[in-house]
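Chain by chain, the residues run as shown.
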Amino acid sequence: MTDNSLEIRALHFSGVASRLRRLDASLLLWLALIAVLAFLILNPVLRLIISSLQQTDTGHFTLANYRSAYGNIRHLQSLLNSLELGVGVALLATCFGVPIAWAISRTDMPCKAFIRLMVFAAFVTPPYLGAIGWILLAGPNSGWLNKVWMALTGAGHGIFNIYSMTGLILVIAVTSFPYTFVFTSSALDLVSSEMEDAANILGARTLRTTLRITLPLVTPAIIGGIIISFLEAIALFGAPALIALPARFNVVSTQLWQFFEYPVRVEEAAAYAMPLLAITVLMFWIQRRILGRRGYTSVTGKGGERRMIALGAWRWAMLAYALLVCALSVFLPMLVLIQAAFAKAWGRGFSLDNLTLHNFYYLLFEQTQAKQTIVNTFVYSGVTAFAAISLTLAIAYVVNRKLVPFSNVLAFLCMAPFVVPGIVLAIGFYAAYAPPPLALYGTATILILGFTTRFLPIAYTSSAAGLRSINPEMEEAVRILGGSRLLAIRKVLIPLLKKSLAGAWILVFIPATRELSSAIFLVGPNTRVISVMLFDLSEEGNFEVLAALGVILLVATVAIAAIGSKVIGRDFMLRRNS
Amino acid sequence: MSRLKLSGVSKRYGDFLAVDNIDLELQSGEFVSLLGPSGCGKTTTLRMIAGFIDPTLGTIEMDGQILSSPSGSVPPDRRQMSMIFQSYAIWPNMTVEQNVAFGLELRKIARAEVRRRVGEMLEVVHMSHLADRYPAELSGGQQQRVALARAIVIRPSVLLLDEPLSNLDATLREEMRFEIRRLHDEFHVTTVYVTHDQAEAMVTSDRIAVMNGGRIEQVDAPRALYDKPKTRFVAGFIGRTNFIEGTSDGRQIAFDGFALPHAGFERDVPAGGKAVFSVRPHSMRLSEAPPTANNGCAAVGVVIMERAFLGEHWDYVVKPRESAMTLRVTTSPMDDFPVGASAWLEFEPRQMALIA
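Residues numbered from 1 in each chain as written. Chains lettered and ligands numbered in written order. Predicted model: local features only at pLDDT ≥ 70, side-chain atom pairs only at ≥ 80, totals over all residues.

Q: So what about the overall build of chain B? Which residues, and what values?
A: The helix and strand inventory of chain B stands at 8 helices and 21 strands. Projected onto its principal axes, the C-alpha positions of chain B cover 75 × 45 × 35 Å. A total of 356 residues make up chain B; the buried ones form 40% of that total. Across chain B, every contact between residues at least 6 apart in sequence was considered, and the portion connecting residues at least 24 apart equals 63%. (Helix = DSSP H or I, 4+ residues; strand = E, 2+ residues; numbered from the N terminus. Buried ≥ 20, exposed ≤ 12 C-beta atoms within 10 Å, placed from the backbone. Contact = placed C-beta atoms within 7 Å.)

Here it is as C-alpha cells:
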C-alpha cells in the first residue's frame, strides 16, 4: 500500500514537472510571437499617438501639435478635400463596378472572360501608373484626348483638364472599381437564381426582379465595396501627389508629405494623421457590422444550375458599357503609357521615326541608380513576402491548434494593420525606429519591416485559410505513428501547404512591388524602390523614361501573376478573402 | 493483466462533462467497440487513449504503466499505438507505399526490411498493384485499405479506429466491416473501435461498450447486449424494442391488461414493486388461435391497429384488448392479419429483459 502511494506521488511529481515544461515552451512561443507583433504593430502605432502629444525637443506633454496641425485653414481644407475625394471615388467606382459585376454574374453578356481579365488588369495596375497614363491623356492642351478634340473641332484649346478634383476622382475610381466589383460579384455568385425565379413566377419582369430582389440582397456587399474604395481613396498618396499638387490643392496624404519636407515635423504629422486613422477604424467597424448582419444576405450556397438572365439586344449595350469602363481604366492609359515608353518624345505621336528602345536602355544600362532601384524593389518585396508569410503561418498554426492561451490576441494583432492607412503606418514607423537607439532610417531593414507590417493582414488571411483547409488528422496520423510535431509539420503540413503558400507569397509580393504610400516616408538615398523613383521622375517631367520604368514594373507583375494563376488557379487574386 | 485499463476517466470542457467517470479494461488481443450516438463522448475517450487529449480526472494505463493522468501524459508519438481516422488522413503528398512505410521508417528499420514488410502488408489488404499510386487516384475503399495497412504494419500495441467507415457508401461499408474483423483475426491487435452504427460494432467486436451522455451504460458481448440490455438506453439503442411496465407481487407480474407468472422470469426480477421490461418485437408470437400455454408462456388477446409489409417481415402495431398500451410486433411474411382483426399475442418471459 505504501509503495503504491509513493509511486502515485512520484508520478504526480513527474506529471507536474512535465506540465510545467509544456507550459514553459508554449509560453515562450507566445511571448516570442507577441514580442514580434508588438515590435511591428503596437509600438509604431503607440509611438505615433504619443509623439502627437509631445513637444519636439523636450518630449513634454503638449497639445501644440494639434493646434498647429488644425489651426491652419489650408490644413482644414485638405481634410475636406480628402473627404470629397473619398466620396466621389466611392460613388464613381460603384457606378463602374456594380453593373459589370451584375452583368458577369447574372446575365448572358458576351465576352465575360475578357472583361473579367480586364478588371483583373485594372486591379494590378498601380494607381500612380494609371495617373501618369491619364496625365498623358488629359493633360491640358498636350494630352491625347485634348489633341483629338482640337483636331476634330478646330478649337484653340482642349476641354479636359486632369489637374482638377474631378480628374483626380476619375483617375482613382478607374483603378479602385475592382474592389466594388469583387465585393458585389462574390455576393451575387452566392445568391441562388431560385430567388429570382420565385419573383419571376409571381409575375415580376427582369428589371423589377433585379432592382427589387437581386440588388437588395447584395446591398451589404455593395456598401462594403463602397467603404473600401472610400478608404483606399483617402489613404492613397501617389495619384493625389501627381495630380493634386500641380492642380494646387492638397489632400490629407499630400499634406502629410509636406510635413516631412525640411524641417521634418513628425509630431505635427502624427497629430494630423489622427483623423485618417480614426475614420479608417470607424469605417471598418461599420463595414463589419453591415456585412456581419445575418439573415439579410441570403447566402445559401449555389443551388443547382444557375440560370443567366437573357438581356436580348441590351447585352450589347451592357458590353459597350463594360468596354468603356475598361477603356478608361486599362486600354487608354496603358496605350499611351506604352507609346511613351517606346517614344523619343511622347508628344510626337505614333510615327515610326519616333520609336526607340533608348528609354529602356537608359534605365537598364546607362543610369546606375535605376538598376539598383529595380533590384531593390524585387529583393525587398521578395523578402517581405517571405517574412510576412513565415510569421503569419507560425501564428496561424498556433491559433488554429490552440497551442497557447489567448491565441486570439495574436490573430487580432495580425489583422490590425488592415485598419491603419499605409501612410499613417509609415509615419509611425518613422517615429518609432528612425531615431536612435535603432536609427533605422534609410536602411533596407526599416522598409522591409514596414512592408511586412503593411501586408501582414493579407498574409495572415491566406495562411490561416490554407491551414484551415488541411484536416488536423493529417498531422495526428504522424503523431500516433511515432513522429514528433516538428516532423509532422516538415513532412506533411508544409508539403501540403506548398501551393497555398506560393499563392500567399504572390499576394504579398505584388502589392509590395508597387507600394508607394509607406515607402515614400521610409526610403533613403540607397534604398529607393521603383514606385519612389517613378514619383521622382514625374517631378522632373521625364515621362518617356518614367513610362519605360512603369512598363518594366507592369511586365514583371503580370508575369508573376500569370505564373501564379497557372500554378494556383485562375482568379486567385480577385477572390474575396476577408 | 489487462493490456489497456481506463480508471475513472473524465473529461470536462468548461461546464460540459464530455466523458464522465469511465472504467474500461481490455485484454490483450481483444476487440472492443465504443458505441453510442453522436456527442456521447466516445471519440473524446478514444482521443484520450491516443494521447491527443489529457483526461481531467482518472488514469489510462497500458501493461500496468500509466500513460495518461490529469497531471501529465505520454505524448501520442511515444505510445506505440496507431490510429485510423474518420478522414483516413492518408498523406496526399506520398504514394501508397510511402504512406505505409512511414511508421516503419520512423522506427529505424533497415530499408530492405521495410520494403519486405510493406509488400507483405499491401498483399494482405489487396493493394499491392496500387503501391505506386498517389491517394488522390484511389477510391474511398482503397484509401481505407491504405489506412488499415499503414496502421497495422507497425504492429501497434493498440489499434484505435475512429468511425472509419462513416465516409463509405453502404455496400462498401458492409464489406469493410468483415475486412476489419478479418485483419483482427489475422494480427490479434488489441483494438478500440468507435462507431455509432450498431451493426458495425456487432460484426467486428468481441465486446461492445455502449456510451450515452459521457458514461458507459453497459459493456458486454454483442449477443448479451442484445438479449439482456441492462438499461432503457441500451435496449432502445441496440435494435428496436417495446418497454412495458409491470408490478410484481412475488407470484405473478401484472401488466396493463394481462399478467405473467413470476416463475417464468429470470431470477433477478424482484419479488415486489414495479419493474420495466424490454420486449423485442420478434420475441413475441402472433397467432390466430389461442396457443396452448406451456412453460410459463402466456397469451393475450390483441387487436391489429396498424401494419406495414417490409418484404422480409411484417411490422404490426397491436393493442391488448384490456389495455391502453400498444406494442410493435414483427412476424414472418406468411402471418397476414388485416387491420382491425383479432389475434393472440404470446409472450415468453425468458425473452423479456429487466431494465434497471
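There is more to say, and it comes next.
Q: A description of the overall build of chain A should follow, citing residues and the corresponding values.
A: When helices and strands are tallied, chain A shows 24 helices and 0 strands. The globule rule puts the C-alpha radius of gyration for 578 residues at 25 Å, and the 27 Å found for chain A is close to it. Taking the principal axes of the C-alpha coordinates as reference, chain A spans close to 110 × 75 × 50 Å. Counting over 578 residues, chain A shows a buried share of 47%. (Rg over C-alpha atoms; globule rule 2.2 N^0.38 Å.)

Q: Residues and numbers for the domain arrangement of chain B, please.
A: Residues and elements named next belong to chain B. Under the domain assignment used here, chain B contains domain 1 (4-237) and domain 2 (242-355). Placing the centre of domain 1 and that of domain 2 at their C-alpha centroids yields a distance of 40 Å. Each partner contributes residues to the interface: domain 1 has 6 residues there, and domain 2 has 4 residues. Split into classes, the residues belonging to the side of domain 1 that touches domain 2 amount to 2 nonpolar, 1 polar and 3 charged. (Domains from an automatic or database assignment. Nonpolar A, V, L, I, M, F, W, Y, C, P; charged D, E, K, R; others polar.)

Q: Kindly report on unusual backbone geometry, identifying the contributing residues and their values.
A: Of note, the bond from A:P436 into A:P437 is cis; its omega dihedral lies within 30 degrees of zero at 10°. Unlike most non-glycine residues, B:R155 shows phi in positive territory, near 45°. Secondary-structure assignment places B:R155 in the loop between α4 (140-152) and β8 (158-162). In the Ramachandran plot, B:E163 falls in the positive-phi region, its phi being about 40° despite a non-glycine side chain. Tracing the chain through its elements places B:E163 in the loop between β8 and α5 (170-187).

Q: Summarise the nonpolar core; cite the residues concerned and give the values.
A: Residue and element names in this part refer to chain A. By size, the foremost hydrophobic cluster in this structure holds 172 residues, and its most contacted members are I427, V508 and L549. Counting residues per element, this core draws most heavily on helix α7 (residues 165-188), at 14 residues. Counting only domains with at least three residues in this core, you end up with domain 1 (75-332) and domain 2 (357-578). (Core = buried A, V, L, I, M, F, W, Y, C linked by C-beta atoms within 7 Å.)

Q: So what about the interface of chain A and chain B? Which residues, and what values?
A: Between chain A and chain B, the contact holds 21 residues from the first and 22 residues from the second. Where the side of chain A that touches chain B is concerned, the elements lending two or more residues are α1 (2-52), α20 (473-480) and α21 (485-514) of chain A. When residues in the side of chain A that touches chain B are grouped by element, the largest group, 7 residues, is from α1(A). Grouping the constituent residues of the side of chain A that touches chain B by class yields 9 nonpolar, 8 polar and 4 charged.

Q: Explain the domain arrangement of chain A residue by residue, including any values.
A: Residue and element names in this part refer to chain A. Domain annotation for chain A reports domain 1 (75-332) and domain 2 (357-578). Relative placement of domain 1 and domain 2: their C-alpha centres are 25 Å apart. Taken together, the 30 residues of domain 1 in the interface contact 29 residues of domain 2. Among the elements of the structure, α4 (112-124), α5 (127-138), α7, α10 (238-243), α11 (252-259) and α12 (266-292) are those that each provide at least two residues to the side of domain 1 that touches domain 2. Among the elements that line the side of domain 1 that touches domain 2, the one with the most residues is α12, at 9 residues. Residue composition of the side of domain 1 that touches domain 2, grouped by class: 26 nonpolar, 4 polar and no charged.

Q: How would you summarise the pairing of strand β11 (residues 215-220) of chain B if you had to cite specific residues and measurements?
A: Residue and element names in this part refer to chain B. Bridge count for strand β10 (residues 207-212) against β11 is 5 bridges, and the pairing is antiparallel. Across the sheet, residue N212 finds its bridge partner in β11, namely R215. Between β10 and β11, which pair antiparallel one after the other, the connecting turn spans 2 residues, and G213 there sits at a positive phi close to 55°. (Pairing = 2+ DSSP bridges.)

Q: Residues and numbers for the pairing of β10(B), please.
A: Within a regular strand, the side chains alternate between the two sheet faces. Residue and element names in this part refer to chain B. Across the 6 residues of β10, 5 count as buried, placing the element largely inside the fold. Bridge count between strand β3 (residues 31-35) and β10: 4 bridges; the pairing is parallel. In the sheet register, S33 faces β10, and the bridge partner there is I208.

Q: Mind laying out the sheet that holds strand β1 (residues 4-13) of chain B, listing which residues take part and the relevant values?
A: Residues and elements named next belong to chain B. An order of β2-β1-β4-β5-β6 is seen for the 5 strands of this open sheet, with the pairing classed as antiparallel. Each end of this open sheet is capped by a strand with a single partner; those strands are β2 (16-26) and β6 (72-73). Where strand β5 (residues 65-69) meets β6, 2 bridges bridge the pair, whose relative direction is antiparallel. From the neighbouring strand, S68 faces β6, where its bridge partner is S73. Relative to the sheet, helix α1 (residues 42-50) contacts β1, β2, β4 (57-62) and β5, its axis offset from that of β2 by approximately 60°. (Axes fitted to C-alpha atoms, helices over the stretch in contact; angles between N-to-C directions.)

Q: Help me get a handle on the sheet that holds strand β20 (residues 342-347) of chain B, residues and values and all.
A: By way of backbone hydrogen bonds, the strands of a sheet pair with one another, either parallel or antiparallel. All names here are of chain B. Overall, antiparallel pairing links the 5 strands, which are arranged β16-β20-β17-β18-β19 in an open sheet. Two strands bound the open sheet, and with one partner strand each, they are β16 (285-287) and β19 (327-331). Across the sheet, the axes of successive neighbouring strands diverge by a mean angle of 45°, strand direction being ignored. Pairing between strand β18 (residues 314-320) and β19: 5 bridges, direction antiparallel. Bridge assignment links D315 to a residue of β19, and that residue is T330.

Q: Summarise the packing of α5(A) against α7(A); cite the residues concerned and give the values.
A: Residues and elements named next belong to chain A. As a packed pair, α5 and α7 sit with axes 9 Å apart at the nearest point and diverge in direction by 130°. Classified by the interaxial angle, the pair formed by α5 and α7 is oblique. Pair α5 / α7 crosses with right-handed handedness. Taken together, the residues of α7 that come into contact with α5 (itself represented by P127, G130, A131, W134 and A138) are G167, V171, I172, V174 and T175. Considering only residue class, the contact of α5 with α7 consists of 7 nonpolar, 3 polar and no charged. (Parallel < 35°, antiparallel > 145°, perpendicular 65-115°, else oblique. Left-handed = near helix turned anticlockwise from the far one by under 90°.)

Q: Help me get a handle on the environment of A:L83, residues and values and all.
A: Residue and element names in this part refer to chain A. Locating L83 in the fold gives a position in helix α3 (residues 73-106). On the basis of neighbour count, L83 is assigned to the partly exposed category, with 17 C-beta atoms found within 10 Å. For the pair L83 and V251, spaced 168 residues apart in sequence, the C-alpha to C-alpha distance is 8.7 Å.

Q: Report on the confidence of the model for chain A, specifying residues and quantitative values.
A: All names here are of chain A. In this model, chain A carries a mean pLDDT of 84, and residues with pLDDT of at least 70 account for 91%. Considering only residues more than four positions removed or in separate chains, one finds that residues 1-17, a stretch of pLDDT under 50, has 8 contacts. Confidence over residues 294-304 falls short of pLDDT 50; this stretch has 13 contacts with residues more than four positions distant or in other chains. (pLDDT = per-residue confidence, 0-100.)

Q: Got a sec to walk through the environment of A:F259? Specific residues and values, please.
A: Residues and elements named next belong to chain A. In this fold, F259 is placed in helix α11. Sequence separation of F259 and A69 is 190 residues, and the distance between their C-alpha atoms is 9.6 Å. Those residues in contact with F259 that lie beyond four places of it in its chain are R265, E268, A269 and Y272.

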